[in-house]
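Structural overview
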Amino acid sequence: MMDVVFVNPPLSQEERYGIKFKAGGQTPPTGLAVLAAVLREKGRAVAIVDAPAENLDHNGAAEKALSFDPRIVGITAVTVSIFNAHDVARQIKAKAPDKTVILGGPHLTAVPEETMKRLPAFDIGVLGEGEITMTELADALLGPAAAPLDKIPGLILRAADGFRITTRRPFIEDLDRLPFPAWDILPDLAVHYCPPVHTLKRTPAALVIPTRGCPGTCVFCDKRVFGRRMRAHSADYIVRMLLRLKQRYGIREIQFRDDNFLAFRRVLREFCERMISERVDMTWSCAGRVDMINEETLRLMKQAGCWQIWYGVESGSDRILKVIKKNTTIEMITQAVTLTAQAGIHPCGFFMIGNPTETEDDARRTIALLLKLPFSEFHMCHFTPLPGSEIYPVADQYGKFDNDWRNLTCWTTAFVPHTISEKKLVYYANLAFRKFYFRPRIVFSYLRRIDSPRKLRVFFVAFLGFLQYVLQKRRSGAEDACPADDSAR
Ligand code: B12
């Protein structure tokens with residue numbers, strides 16, 4: 001019998017990307033793995049069911065969770081997976097009504113009351129950072145005498161007259177007090193998980209979150225779980241975590257996928273120095289803002305194994321950067337991307353199309369910037385008002401917003417600003433992908449990275465997926481909107 005079983009709900013590639021797309025990756029549910037590690041440290045028996053990695057539908061996930069005979073089932077969800085999470089919860093309640101089903105994660109934290117109201121199979125909700133709240137909740141539910149839940153901060157509880165939200169749970173100050181994620185109870189890291197191919201140099205790779213919180217003010221970002229104040233693990237903790245991944249799971253590459261690893265200069269510098277002096281020999285990539293990097297740090301990062309940095313570029317129009325409150329300029333973007341390439345690190349860009357007030361001229365500027373700067377990879381999302389973001393409650397003022405949670409994948413046109421048509425948005429997104437990735441420089445850079453039969457297979461499947469994506473968009477009729485393919489020059 002288990003005390004708690006955590007479930008990552010099913011989310012097919014089609015549901016995640018809003019279209020049939022085979023080039024996506026599969027990464028472990030870090031949040032659940034940390035929660036499991038914390039509970040285990042307190043002596044609780046825990047398991048994780050990772051439905052996407054184990055290829056389970058909601059029925060299979062519920063059955064597998066119940067096979068552990070748990071007293072509590074804890075489910076995570078982002079907005080796009082919330083209905084799947086509820087399907088799992090419903091199955092569990094139907095088969096075993098005595099189990100307590102707890103929901104946590106970004107979606108609930110962003111819109112707690114509406115979620116609990118619409119989705120009745122969740123008994124209790126955990127808001128924000130979950131480690132301490134879940135520990136106290138497990139003690140209250142599983143301890144010898146049922147303790148009052150309304151004294152535990154960070155919860156949304158059902159009440160006779162609706163809901164009760166308890167006091168706010170303070171953020172965890174010292175992240176190093178947390179144990180490493182319980183990777184050992186997930187499906188084999190090296191076998192079941194593989195991040196998207198364009199983000200890989202070596203395999204197997206693993207995802208690590210070294211910081212929490214982001215001071216940025218971007219209107220499209222949901223920062224409810226970790227807030228604006230940044231906290232970081234120490235360099236020592238991060239290096240030890242990497243060594244564990246390397247020695248125990250054979251991991252050779254790390255993806256730091258927190259919002260802003262570059263912001264903690266001291267931690268970053270110490271981390272790089274340790275990677276060099278201890279000859280850790282792992283390659284890594286990270287994400288960050290363009291205003292947080294300089295030549296000296298980039299050189300050190302390169303020496304320490306960093307080969308790729310993903311910058312949140314968003315747009316090639318200074319006007320749009322202001323509208324979305326990015327607090328960056330084209331000049332800053334140009335400088336960061338150029339310095340990164342000069343340091344021998346691949347600069348990559350996250351872009352967004354369909355921002356509030358965006359016009360065709362802005363979209364063309366974005367593509368022009370993408371093609372002008374020495375980016376090695378890029379990704380273009382559709383601007384999407386996610387629950388928890390500043391724009392979410394007022395999105396209707398700026399465009400046509402289809403607020404169906406299932407559709408908020410960031411890959412489709414759930415939001416179309418008043419200033420540009422949907423067809424043109426799809427056209428420019430597609431044009432960006434084609435113009436960028438079909439260049440010989442980019443094709444050769446992929447071919448150079450193929451160093452094993454496994455990589456060849458992964459790259460080939462991804463290439464087919466990419467072609468399928470481009471063709472789907474073409475078939476959707478978007479091409480008819482703008483027959484002049486040269487408009488982005
Ligand atoms: C790394 C990351 C990814 C990675 C890895 C995701 C993964 N499998 O773990 C990748 C690139 C794959 C990814 C994909 C997506 N992501 Co993402 N991602 C992030 C990022 C940057 C960090 C997430 C993370 O690992 N945090 C560390 C762990 C420890 O935190 P956590 O998972 O939130 O869990 C904590 C709490 O939420 C809570 N908790 C969570 N679940 C549960 C469950 C229970 C029972 C309890 C008690 C508590 C609890 O306790 C945990 C510990 O404190 C966040 C931004 C951010 N700052 O959070 C966006 C973020 C979560 N992603 C987002 C989105 C939209 C997506 C995608 C839908 C995009 C897409 N279409 O591909 C997919 C969804 C994939 C999926 N199945 O979840 C949004 C979600 C917003 C929303 N309202 O839904 C965020 C918040 C980005 C943003 N700022 O807008 N993502």
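What counts as what
- Residues numbered from 1 in each chain as written.
- Predicted model: local features only at pLDDT ≥ 70, side-chain atom pairs only at ≥ 80, totals over all residues.
- Heavy atoms only, no water.
- Helix = DSSP H or I, 4+ residues; strand = E, 2+ residues; numbered from the N terminus.
- Buried < 20%, exposed > 50% of the residue type's maximum accessible area, 1.4 Å probe, protein only.
- Contact = heavy atoms within 4.5 Å.
- Areas by Shrake-Rupley, 256 points an atom, 1.4 Å probe, with all protein chains shown as cover.
- Lys, Arg positive; Asp, Glu negative; His and termini not counted.
- Charge placed at Lys NZ, Arg CZ, Asp CG, Glu CD.
- Arc of directions from axis to C-beta.
- Polar contact = N/O pair within 3.5 Å; in protein donor to acceptor, adjacent residues only side chain to side chain.
- Near = heavy atom within 4 Å.
- Nonpolar A, V, L, I, M, F, W, Y, C, P; charged D, E, K, R; others polar.
- Domains from an automatic or database assignment.
- Pairing = 2+ DSSP bridges.
- Right-handed = clockwise from strand over helix to strand, strands pointing away.
- Axes fitted to C-alpha atoms, helices over the stretch in contact; angles between N-to-C directions.

1. Section: the overall build of the protein chain
- A count of helices and strands for the protein chain gives 18 helices and 17 strands.
- In the protein chain, which comprises 489 residues, the proportion classed as buried is 59%.
- Within the protein chain, counting contacts between residues at least 6 apart in sequence, those at least 24 apart form 74% of the total.
- Total accessible area on the protein chain stands at roughly 20300 Å², and carbon and sulfur atoms take up 53% of it.
- Positive and negative charge centroids in the protein chain, built from 66 and 55 side chains respectively, lie 3 Å apart.

2. Here's the deal with unusual backbone geometry
- The residue after Thr203, namely Pro204, is reached through a cis peptide bond having omega -5°.
- Along the chain, the position of Pro204 falls in the loop between helix 9 (189-192) and strand 8 (205-208).
- Its identity is not glycine, yet Asp69 carries a phi of approximately 50°, on the positive side.
- Positionally, Asp69 belongs in the loop between helix 4 (58-67) and strand 3 (72-76).

3. Topic: helix 12 (residues 295-303)
- All of the buried residues along helix 12 are Thr297, Leu298, Leu300 and Met301. Seen end-on, helix 12 carries its buried residues on one side only, within an arc spanning 165°. Turned more than 90 degrees off the buried face of helix 12, the exposed positions are Glu296, Arg299 and Gln303.
- Its side-chain oxygen placed 3.3 Å from the backbone nitrogen of Glu296, Asn294 serves as the N-cap of helix 12.
- Just downstream of helix 12 lies Gly305, where phi reads positive at about 110°.

4. Re the environment of Pro196
- As for its placement among the helices and strands, Pro196 is situated in the loop between helix 9 and strand 8.
- Taking the relative accessible area as the measure of exposure, Pro196 reaches 19% and is therefore buried.

5. A short note on the site of the ligand
- Around the ligand, 37 residues are found, and the nearest of them are Arg16, Thr76, Thr79, Asp259 and Thr409.
- Glu131 places a polar side-chain atom, nitrogen or oxygen, 2.8 Å from an oxygen atom of the ligand.
- Contact between the ligand and Asp222: a nitrogen atom at 3.0 Å from a side-chain N or O atom of the residue.
- If you list the elements that add at least two residues to the shell around the ligand, you get helix 2 (30-41), strand 3, strand 4 (100-104) and helix 8 (131-142).
- Per element, the largest residue contribution to the shell around the ligand is four residues, and it comes from helix 2.
- Looking at the shell around the ligand residue by residue, the class counts come to 19 nonpolar, 11 polar and seven charged.
- Among the domains, domain 1 (4-162) and domain 2 (195-488) are the pair contributing at least three residues each to the shell around the ligand.

6. Some thoughts on the pairing of strand 15 (residues 377-382)
- Among the six residues in strand 15, six count as buried, and that is most of the element.
- Where strand 14 (residues 346-353) and strand 15 come together, six bridges link them in parallel fashion. Within strand 15, the residue paired with Phe350 across the bridge is His379.
- Once you follow strand 14 into helix 15 (residues 360-372) and on to strand 15, the crossover reads as right-handed.

7. Side note on the environment of Lys42
- Tracing the backbone through its elements, the reader meets Lys42 in the loop between helix 2 and strand 2 (46-50).
- Residue classification places Lys42 among the exposed positions, given a relative accessible area of 54%.
- For Lys42 and Thr135, which are 93 residues apart along the polypeptide, the C-alpha to C-alpha distance reads 7.9 Å.

8. Some words on the sheet that holds strand 15
- Read across the open sheet, the six strands follow the order 8-11-12-13-14-15; overall the sheet is parallel. Of all strands in the sheet, those bounded by a partner on one side alone are strand 8 and strand 15. Taking the axes of each pair of neighbouring strands and ignoring which way they run, one obtains an average angle of 20° across the sheet.
- Two strands pair when backbone bridges link them, and strand 11 (residues 253-256) and strand 12 (residues 283-288) are joined in this way by three bridges, in the parallel orientation. Bridging from a neighbouring strand, Gln255 pairs with Ser285 of strand 12.
- Each of strand 13 (306-314), strand 14 and strand 15 touches helix 15; the most contacted strand, strand 14, lies at about 170° to it.

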